[in-house]
Every structure is written in C-alpha cells, then in structure tokens.
Amino acid sequence: VKALVKYAPGAGNVELREVPKPSPGQGEVLVAVKATGICGSDLHIYHGDIQLLLRPPVVMGHELAGVIAELGEGVEGLHVGQRVTCETAVHTCGYCWACRTGWYNACGQKELLGYIYDGGFAPYCAVPARLIHPLPEGVDFVAGALSEPLACCVHAIGELAGVQAGETVLIAGPGAIGLLSLQVARAGGARVLICGTAADQGRLALARELGASETMVVDTDDVVERARELTRGDGADLFIECSGAPAAARLGLEATRRCGRYLQIGLASGPFELDLARVAYKELRVFGSLGQRWSAWHRALALLEGGLVQTRPLVSDVLPLSAWREAFDRFERKEAMKIVLQPV
Ligand SMILES: [Zn+2]
Ligand SMILES: [Zn+2]
C-alpha cells in the first residue's frame, strides 16, 4: 500500500512510498483510514525542525478518522465496521512527573502516532485499542479527522485556563486552533473576540459565522482599546494565543485584565522579546498547553455529538493522499484553511 513516509531526518526527505499493509498486534486494532488532517506540525516534520521525538522512517499523519477493519487479539468492546478516530500518544514513559500525575500529554518521552509509530497518511493504520474513540453519529470522517486539534483546545481551555459563562475571551490567530478555541469558549458561555492580520479576512468572516461576537484586524484596529471598551475598561478575562506571532503575545499581555489568564497554544519559530514584568504587575495567570489527554478527547467528542462545535466548516480542501505535495504547499502558503487527505 502507498503511504506518506518521512524516511530520514532533516529537511524534506518525505515521499509517497510502497509499504507493507500493517496487521494489528495484541491489543491493537487496524483502522482503514478514510481521512487525515494536515497539521502545522506536519510541516515542521517536513522541514526537519520539529521539537518532538521523531523516528524515521515513519508514516506521517496523526489526525485521522476511519473504520475498524480488523481486531487484534484480546481487544474487547470494539467491532469491525465501527467508525472511529484515535488518540496520538501511543507510548509515554510512565515514570516522569507528568506521567505519574496524570498529565502524560506533557511527557518528554512521549511517542506519537505519525512521529514514532506509523500514522494516518496511509490506507491502514494499526493502533492500540485504548486510543480508539467511536465517532459520534452525524460526524463524517472529514469532520472527525479534526477531533485531535479539537481535543487540544478542550485540554487547553477546559482543563487548564478554564472559561466561565459571561466571560470575555480574546483570541489571536483565526487558524484551525483559533476557530476551534473560539467554539469551545463559546460552548462554555463566553463572549469571544478574535483578531488576525489583513491576510486573515476570510478566516475572520468564518469566525463570525462560528460565533465570534467581534473580529478585528491588528493592522488597522486598536485591539487592546476595543477589548477594554467592551469590558468597562478592564480587558479580556482570558487571552488565547493561537498564532505563534511575537506581536500577538505582546498584545495579549496588554489586552488581558488584571488577574486575568493568558493561555499560550501557538508555537513561535524561536525566542522573542516579551515584557514579563506585565505578568507581575497585573498578576496574570499564564498557562501553556501541549496536546491532549483522554479526558479532553471525551469532552471534545461530546461537543461534536451535541453540535456545540463544528469542525467541518474549517476544512477548505479534501484532497487525495497522492496530492500531498500540493496540499502541503498550499497549507504552507496559507491558501487553505484546513486540508484533509484521503487515501485512494
Ligand atoms: Zn495536530
Ligand atoms: Zn513521562
């Protein structure tokens, strides 16, 4: 079968290759993949600058949905033909502080699907049964492939920074993570403002459709002033940085109210200057978030099932796996919102 393989470390070294069809081992299931999302981190793997454990040659892809094709020995509670998605943390060390306290998503030895274990840019993918989540009815494979980034946002907002009804949340960066965060915050009862650059006009329009009460363009709007205006001069209760842009991080420290919360999800390409004294002066609570845990997946799928979050509108392109190069290029050039690949 043909799969997208990162075959060596460094820049590039990715190609569509003939690989053997995997078979499920003890406690594993074989998923016939129907849709797999391209993540920003896949671009980092492609360029060779990812800061997570990677073991080439490996089939890439960690945002997948499909149908169970085969059950390995000892698997119970699942059946062939079941529509599913799956978690990505195949192995964590079990011994570090993060693992022992239940925050295994932050384990430094985390071995992920699509990084260490063969992932979803392939017709078949064998994964441990404990990582499987059934897809809710009414959630198609393309929408289901976005369960993973949605679970990241549920983890970040629901399990770390928290959101309460009536709060004002400001989000920077209307990409997939920003638009999912927007909907998770809305589902929690918050009013959401979101800002982007002039190049983000289309994404900001989508944000309004998905429930943003106001969108702003940082090049022309005074975002800090507007956040204060809407909150009797205080500023946002919670700021969520989803862009990885240094200017957005700086804006967040200003636009957040005293004793408010600052949540960092976006990844900058390197260190940058930030006035951390603002954190002390305003007594901000600062959260960082990486990946997700089982509990966040559980809630993410409940949000999808209840129709409180929609992932399908975020997908701008569904392409065959064979068009991966064009898809990666378009994603990189920001010509597409979220691209999902399908094996043929
Ligand atoms: Zn991802
Ligand atoms: Zn660990």
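Residues numbered from 1 in each chain as written. Chains lettered and ligands numbered in written order. Predicted model: local features only at pLDDT ≥ 70, side-chain atom pairs only at ≥ 80, totals over all residues. Heavy atoms only, no water.

A. Broad picture of the coordination of the zinc ion (ligand 2). For the zinc ion (ligand 2), every protein donor is listed as Cys 93 (SG), Cys 96 (SG), Cys 99 (SG) and Cys 107 (SG), and the spread of their distances is 2.3 to 2.4 Å. Classification of the site at the zinc ion (ligand 2) as tetrahedral follows from its 4 donor atoms and the range of 101 to 117° in their angles at the metal. Between consecutive donor residues of the zinc ion (ligand 2), the sequence gaps follow C-x2-C-x2-C-x7-C. Using a relative accessible area of 24% as the deciding quantity, one classes Cys 96 as partly exposed. (Donors = N, O, S within 2.8 Å, 3.2 Å for Na, K, Ca; no water. Tetrahedral: all angles 85-135°; square planar, octahedral: opposite > 155°, others 65-115°. Buried < 20%, exposed > 50% of the residue type's maximum accessible area, 1.4 Å probe, protein only.)

B. Quick look at a negative patch on the surface. A surface patch of like charges, here negative, comprises Asp 219, Asp 221, Asp 222 and Glu 225. Tracing the sequence through the fold places Asp 219 in the loop between strand S13 (214-217) and helix H7 (223-229). (Patch = residues over 30% accessible without salt bridge, like charges linked within 9 Å, V, L, I, M, F, W, Y side chains within 5 Å. Areas by Shrake-Rupley, 256 points an atom, 1.4 Å probe, with all protein chains shown as cover. Salt bridge = Lys/Arg side-chain N within 4 Å of Asp/Glu carboxyl O. Lys, Arg positive; Asp, Glu negative; His and termini not counted. Charge placed at Lys NZ, Arg CZ, Asp CG, Glu CD. Helix = DSSP H or I, 4+ residues; strand = E, 2+ residues; numbered from the N terminus.)

C. Spotlight on the pattern of salt bridges. By the definition in use, this model includes 14 salt bridges. Asp 237 is the salt-bridge partner of Arg 257, the closest N and O atoms lying 2.7 Å from each other. Of this pair, Arg 257 sits in strand S15 (residues 256-264) while Asp 237 sits in strand S14 (residues 236-241), and the two are 20 residues apart along the sequence. With a closest N to O distance of 3.6 Å, Arg 330 and Glu 335 form a salt bridge. Judged by its relative accessible area of 43%, Glu 335 is partly exposed. It is possible to trace a salt-bridge network through shared partners that takes in Asp 317, Arg 330, Arg 333 and Glu 335.

D. Inspection of the sheet that holds strand S1 (residues 2-6) at higher detail. Judged by pairing direction, the sheet is antiparallel, and its 3 strands sit side by side in the order S2-S1-S4 without closing on themselves. Each end of this open sheet is capped by a strand with a single partner; those strands are strand S2 (14-18) and strand S4 (58-59). As paired strands, S1 and S4 are joined by 2 bridges and run antiparallel to one another. Each bridged residue has a counterpart across the sheet, and for Val 5 the counterpart in S4 is Val 59. Relative to the sheet, helix H11 (residues 324-332) contacts S1 and S2, its axis offset from that of S2 by approximately 155°. (Pairing = 2+ DSSP bridges. Contact = heavy atoms within 4.5 Å. Axes fitted to C-alpha atoms, helices over the stretch in contact; angles between N-to-C directions.)

E. Up close: the environment of Ala 129. By the secondary structure assignment, Ala 129 is in the loop between strand S9 (124-128) and strand S10 (132-134). Relative accessible area serves as the criterion here: at 18%, Ala 129 is assigned to the buried category. The spacing of Ala 129 and Gly 27 is 102 residues in sequence and 5.9 Å in space, taken between C-alpha atoms. Apart from residues no more than four positions distant in its own chain, Ala 129 is found in contact with Gly 27, Glu 28, Val 29, Val 75 and Leu 78.

F. Molecular detail of the side chain of Gln 82. Structurally, Gln 82 is set in the loop between strand S5 (63-71) and strand S6 (83-86). Judged by its relative accessible area of 13%, Gln 82 is buried. A polar contact is formed between the side chain of Gln 82 and the backbone nitrogen of His 79, at a distance of 3.0 Å. (Polar contact = N/O pair within 3.5 Å; in protein donor to acceptor, adjacent residues only side chain to side chain.)

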